[in-house]
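Notes for the structure review
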Amino acid sequence: MALRARLSSELPAKLVVPAMPTPTTITPTREHKFKTNTILASHGRPPWYDETGKRISDAFVIGIAGGSASGKTHVARQIVKALGSVPTVVILSQDSFYKWHTPAEIELAYASKFDFDHPDALDMPMFASCLRDLKEGKQSNIPIYSFKEHQRLDEKKYLYGATIIIAEGIMALNDPSLRALYDLKIFVQCDSDLMLARRIKRDVTERGREVEGILEQYLRYVKPSYDNFVGPTSRHADIIVPGSDNNVAIDLISTHVRRQLAERATPFRKNIAATPMATPMEERASFWSTNKDHASLIVLPQTHQLIGIYTIIRDKTTKTQDFIFFVDRLAMFLMEKAMEQLPYRSKTVTTPIGADALGKELDAKYICGVSVLRAGGPLEKGLQRVLNDVPMGSLLVQTDTGSGEPLLLHVMLPEYIRLRHLAVDTWVFLLDAQIGTGAAAFMAIRSLLDHGVRQDHIIFVTFLVARSGGITILHRAFPQVKVVCGAVDEVLREAWLDPYDKDLGSDAPNTNAERRKCYIVEPGMGQIGDRYYL
Amino acid sequence: MSLAHDPNSSDLPSSSTMASTIAPTSQNSPAGLPPSVFTLPQTAQLEALYTIIRDKDTSRGDFLFYSDRIIRLLVEEALNHLPVVAKSVQTPTGATYDGLGFEGKICGVSILRAGEAMEAGLREVCRSVRIGKILIQRDEETALPKLFYSKFPQDIASRYVLLLDPMLATGGSAMKAVEVLVEHGVPEDRIIFVNLISSPEGLKTFCAKYPTLRVITGWIDKGLNEQAYIIPGLGDFGERRYCI
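Owing to the predicted nature of the structure, the values given are computational and were not obtained by experimental measurement.

Some words on the overall build of chain A
What chain A contains, in helices and strands, is 17 helices and 20 strands. Counting every atom, chain A has about 21000 Å² of accessible surface; 53% of that belongs to carbon and sulfur.

Below is the structure:
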């Protein structure tokens, strides 16, 4: 159906969340231009796992079906709007899942003689598998369908980290495998003459099409499809929403969703990852005593140079240029040590004088770095020194000033991690300046595992680890993750921060001029990100 | 001081310490070597770096990149042999950290031409370090190494010297270089010889002549062939680094 050409192939789509806490807004222009895969977000994603590192719950999935031009998208957007500050919402359109077409089908499509309104036009198994991945908190790379070319594009859209997923489309309730995934099934019921009227208006004004052509298509494909495949699925719906004047229904739905989310959210608050001081003393003691030759915590040999470097960068009187220089030097040490953790296999080479040399070569299929912004940044440079073309991803994790919980604000990962079939063979150097409470490390590791990266393929590289901090819990939750650090500091203590405190301030620009609680590693080296960048 | 849990770590010096009295903790001397010889930790990763630069099919770009990585590790290790003093600092969190401060002036001396390849690695770690040069060639008449050229900082006698040459085969030119340095007033035990690959024969001769001079070597190879090339070695370092 050529009408769908109005959905441009240049899809919008930004995964997850803007960095600023903005209220959910929908710009009217976008609403008209785009329909597929819009991500609306209000603020960062709070922990979606508990202190054992396991995910607490699945994403909440809403399926919305209804006739063409019945107002499905409008209902979806109204629900999002009514929910207010929900972390991350993905609206997934069935249009993304049109099948890969043969040349003959494409020819039909250009002649407006291909039935896009038949269930067979859609790749339901793929729709269901993408939806299932998202629901289970994994990444998904959903296809992009071009209505200009009437073909699925080679490129895919990466999505990760949704709390609520809304799948909408005329066939959204058609397939049993899809229906099984929904937590809430909505059918938008609209008079067919109203739908036709909307359709004519939209196509004439937005597409400049002739009324006659619109009607012909309506009668040939759209109407039979509605009667045969779409309308009957209303019996699967939990709630049937009118296609116009539906404020009450939207209100009921959003109240229900909010309550459901609140029930699932309860464990977040007692999340120990945010307050790791709760580790039992004995467990901590046993971690550190068995850690003498612990495979999971590798501390750099404490050489004169190393201690000398730490003395300089810990010194609060050290000037910025020296701080940067010595942090960069230290980063190289750490990355060389981290490289030792990768697997190697034997290899024999011939030297220029003709002798054979039995040596080794790296035995890792894919390697990439992921830095936890900002303070992981200095380590990136060190990684690039040892692997100059290594792909670098980043995660932005910030502390919620209100709850003290970490929030995931931004995810940008290399293809080796975005694509699940590559992620299983990928070694990741996860970079962050220090492990104090371990909350950010926890969140970053969980994100990588969600993508299919193997736990024993993650090497966390950091300048400092606090002995009394979250490292013990981190190790309990992810025993196979290796941590490479340069020094272990004794103390992790709570402190109250004044806004704009350059020495102690956290990474977050504190604009609300309130004192807030944070954790400080001691003796430590102050806020590494601030000292390196500001 | 926050002492990390490291199986290699030994007690840290509590007062001013000279390089000659406290052994650095990252040393890893294989048995049977002279006590003044230190190698880098022989990890699989280091071996992999060497495998790349030994391979005759390695491109010049990769040869540069990977030999630079090894050089950086060698330089960092060499610096561990310099003296340090105890130093306490205040951290930004208000705590006190009992650490170490660097002591003593240093300079690099490279044996031309291959030794120059190691200067950049030294400058990366010690910004604006002074660097002297020595050119030693084989004398056609006597077949012995002969000094052709040397240019050192004026105060070299008061500095620790990192002597840079990537390959130690027979040890002839290295010994000649040390001789020249000693003539300029540098005490033998203030010279640290840094190289990537050495032969056991060369090490033995060299260390017998200069027992208090520290040698930091990345890898000790099998031996020398009839042409006095290191086996398996990596060919002519200077040639591969600059010319091929």
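Read on for the rest.
With respect to the overall build of chain B
Each helix and strand in chain B was counted, giving 6 helices and 12 strands. A separation threshold of at least 6 residues defines the contact pool for chain B, and within that pool the share at least 24 residues apart is 62%. In the structure as shown, chain B presents an accessible area of about 10300 Å², 51% of it carried by carbon and sulfur atoms.

With respect to the UniProt feature "domain: Phosphoribosyltransferase" (unreviewed entry) in chain B
Within this structure's numbering, the places UniProt gives as "domain: Phosphoribosyltransferase" (unreviewed entry) are residues 41–242 of chain B. The span residues 41–242 of chain B shows a helical share of 33% and a strand share of 31%, and its end C-alpha atoms are spaced 28 Å apart.

Re the environment of A:Arg476
By the secondary structure assignment, A:Arg476 is in helix H16 (residues 471–477). Counting along the chain gives 425 residues from A:Arg476 to A:Glu51, while the straight-line C-alpha distance between them is 8.9 Å.

Some thoughts on the interface of chain A and chain B
Listed as interface residues are 64 residues of chain A and, on the opposing side, 57 residues of chain B. Carbon and sulfur atoms supply 61% of the area that chain A and chain B bury against each other, a total of about 5300 Å² over both sides. Interface area lost by chain A to chain B is led by A:His304, A:Ile353 and A:Arg385, which between them contribute 14%. The interface formed by chain A and chain B contains 5 salt bridges. Ionic pairing is found between B:Arg69 and A:Glu336, a salt bridge with its closest N-O pair at 3.1 Å. There are 20 residue pairs in polar contact (both at pLDDT 80 or more) connecting chain A and chain B. At the level of secondary structure, the elements contributing two or more residues to the side of chain A that touches chain B comprise helix H10 (304–314), helix H11 (320–339), strand E10 (344–350), strand E11 (356–362), helix H12 (377–386), strand E18 (482–489) and strand E20 (516–522) of chain A. Considered class by class, the residues forming the side of chain A that touches chain B number 29 nonpolar, 15 polar and 20 charged.

Some words on a nonpolar patch on the surface
Residues and elements named next belong to chain A. A contiguous nonpolar surface patch, about 190 Å² in accessible area, is contributed by Val 204, Val 211 and Leu 215. Structurally, Val 204 can be placed in helix H6 (residues 192–207). Exposure remark for Val 204: the relative accessible area of 32% places this residue in the partly exposed category.

Brief notes about the nonpolar core
Formed by 92 residues in total, the largest nonpolar core has its most connected members in A:Tyr310, A:Phe429, A:Phe463 and B:Leu196. Among all residues touching A:Tyr310, those that are not within four sequence positions of it are A:Leu330, A:Phe463, A:Leu464, A:Gly486, A:Ala487, A:Met525 and B:Tyr97. Grouped together as the second largest cluster of nonpolar side chains are 41 residues, A:Val299, A:Val397, A:Ala423 and A:Ile471 included.

Thoughts on the confidence of the model for chain B
Residue and element names in this part refer to chain B. Confidence in the prediction for chain B averages 85 pLDDT; 87% of positions are at 70 or higher. For chain B, per-element mean pLDDT is lowest for helix H6 (residues 237–243), which scores 85, and highest for strand E7 (residues 160–164), which scores 96. Low confidence marks residues 1–29, where pLDDT is under 50. Its contacts with residues over four positions away, or in another chain, come to 67 contacts.

With respect to the environment of A:Phe429
Residue and element names in this part refer to chain A. Structurally, Phe 429 can be placed in strand E15 (residues 426–431). Its relative accessible area of 1% is what places Phe 429 among the buried residues. Taking the C-alpha atoms as reference points, Phe 429 and Ile 459, 30 residues apart in sequence, are found 4.9 Å from one another.

Considering the packing of H11(A) against H12(A)
Residue and element names in this part refer to chain A. The geometry of H11 relative to H12 is characterised by a closest axis approach of 8 Å and an angle of 55° between their N-to-C directions. By the criterion of interaxial angle, the relationship of H11 to H12 is oblique. In this structure, H11 crosses over H12, and the sense of that crossing is right-handed. Here H11 contributes Val 327, Asp 328, Ala 331, Met 332, Leu 334, Met 335, Glu 336 and Met 339 to the contact with H12, which in turn contributes Pro 378, Leu 379, Lys 381, Gly 382, Leu 383, Arg 385 and Val 386. Counted by class, the contact of H11 with H12 contains 10 nonpolar, 1 polar and 4 charged residues.

Regarding the side chain of A:Thr351
With respect to the helices and strands, A:Thr351 occurs in the loop between E10 and E11. A residue is classified by how much of its surface remains accessible, and A:Thr351, at 0% relative accessible area, is buried. Each residue touching A:Thr351, except ones within four places of it in the same chain, is listed here: A:Ala357, B:Arg54, B:Lys56, B:Pro232, B:Gly233 and B:Leu234.

Quick notes on the pattern of salt bridges
Summed over all chains, the structure comprises 33 salt bridges over all chains. A salt bridge links A:Arg220 to A:Glu216, with the shortest nitrogen-to-oxygen separation between them at 2.6 Å. Of the two residues, A:Arg220 and A:Glu216 are both situated in helix H7 (residues 211–230); the distance of 4 residues between them amounts to about one turn of the helix. Residues joined in a network through salt bridges with shared partners are A:Arg329, A:Arg385, B:Arg72, B:Glu76 and B:Glu124.

Structural notes on the domain arrangement of chain A
Residues and elements named next belong to chain A. For chain A, the assigned domains are domain 1 (39–264) and domain 2 (268–285 + 293–349 + 356–498 + 513–533). When each unit is reduced to the centre of its C-alpha atoms, the spacing between domain 1 and domain 2 is 40 Å. Contacts between domain 1 and domain 2 engage 19 residues on the former and 26 residues on the latter. Together, the buried faces of domain 1 and domain 2 total about 2000 Å²; carbon and sulfur atoms form 60% of this surface. The three residues of domain 1 that bury the most area against domain 2 are Tyr 49, Glu 51 and Gln 139, which together make up 30% of that side's buried surface. At the surface where domain 1 touches domain 2, the tally comes to 0 salt bridges.

A closer look at the packing of aromatic side chains
Per the counting criterion, the structure on display carries 16 aromatic pairs over all chains. With centroids separated by 4.7 Å and ring planes inclined at 25°, the aromatic side chains of A:Tyr366 and A:Tyr416 adopt a geometry described as stacked. Taken as a pair, A:Tyr366 in strand E12 (residues 366–373) and A:Tyr416 in helix H13 (residues 415–418) lie far apart in primary sequence, 50 residues in all. Of the residues examined, A:Tyr366 reaches a relative accessible area of 19% and is grouped as buried. The exposure class assigned to A:Tyr416 is partly exposed, which follows from its relative accessible area of 25%. Each ring, one from B:Phe65 and one from B:Tyr66, has its centre 5.0 Å from the other, and the planes form 85°; the classification is edge-to-face. Assigned by exposure class, B:Phe65 and B:Tyr66 land together as buried. Among the aromatic residues, those joined into a ring-pair cluster are A:Trp48, A:Tyr49, A:Phe442 and A:Phe478. A:Arg45 extends its terminal NZ or CZ atom over the ring of A:Trp48, reaching a point 3.7 Å from the ring centre. It is A:Arg314 that lies over the ring of B:Tyr97; its NZ or CZ is 4.1 Å from the centre.

What counts, and at which threshold
Residues numbered from 1 in each chain as written. Chains lettered and ligands numbered in written order. Predicted model: local features only at pLDDT ≥ 70, side-chain atom pairs only at ≥ 80, totals over all residues. Heavy atoms only, no water. Helix = DSSP H or I, 4+ residues; strand = E, 2+ residues; numbered from the N terminus. Areas by Shrake-Rupley, 256 points an atom, 1.4 Å probe, with all protein chains shown as cover. Contact = heavy atoms within 4.5 Å. UniProt positions renumbered as here; feature names shortened; annotations may be inferred. Buried area = accessible area lost by both parts, 1.4 Å probe. Salt bridge = Lys/Arg side-chain N within 4 Å of Asp/Glu carboxyl O. Polar contact = N/O pair within 3.5 Å; in protein donor to acceptor, adjacent residues only side chain to side chain. Nonpolar A, V, L, I, M, F, W, Y, C, P; charged D, E, K, R; others polar. Patch = residues over 30% accessible without salt bridge, like charges linked within 9 Å, V, L, I, M, F, W, Y side chains within 5 Å. Buried < 20%, exposed > 50% of the residue type's maximum accessible area, 1.4 Å probe, protein only. Core = buried A, V, L, I, M, F, W, Y, C linked by side-chain atoms within 4.5 Å. pLDDT = per-residue confidence, 0-100. Axes fitted to C-alpha atoms, helices over the stretch in contact; angles between N-to-C directions. Parallel < 35°, antiparallel > 145°, perpendicular 65-115°, else oblique. Left-handed = near helix turned anticlockwise from the far one by under 90°. Domains from an automatic or database assignment. Phe/Tyr/Trp six-rings, centres within 6.5 Å; stacked < 30°, edge-to-face > 60°. Lys NZ or Arg CZ within 6 Å of the ring centre and 35° of its normal.

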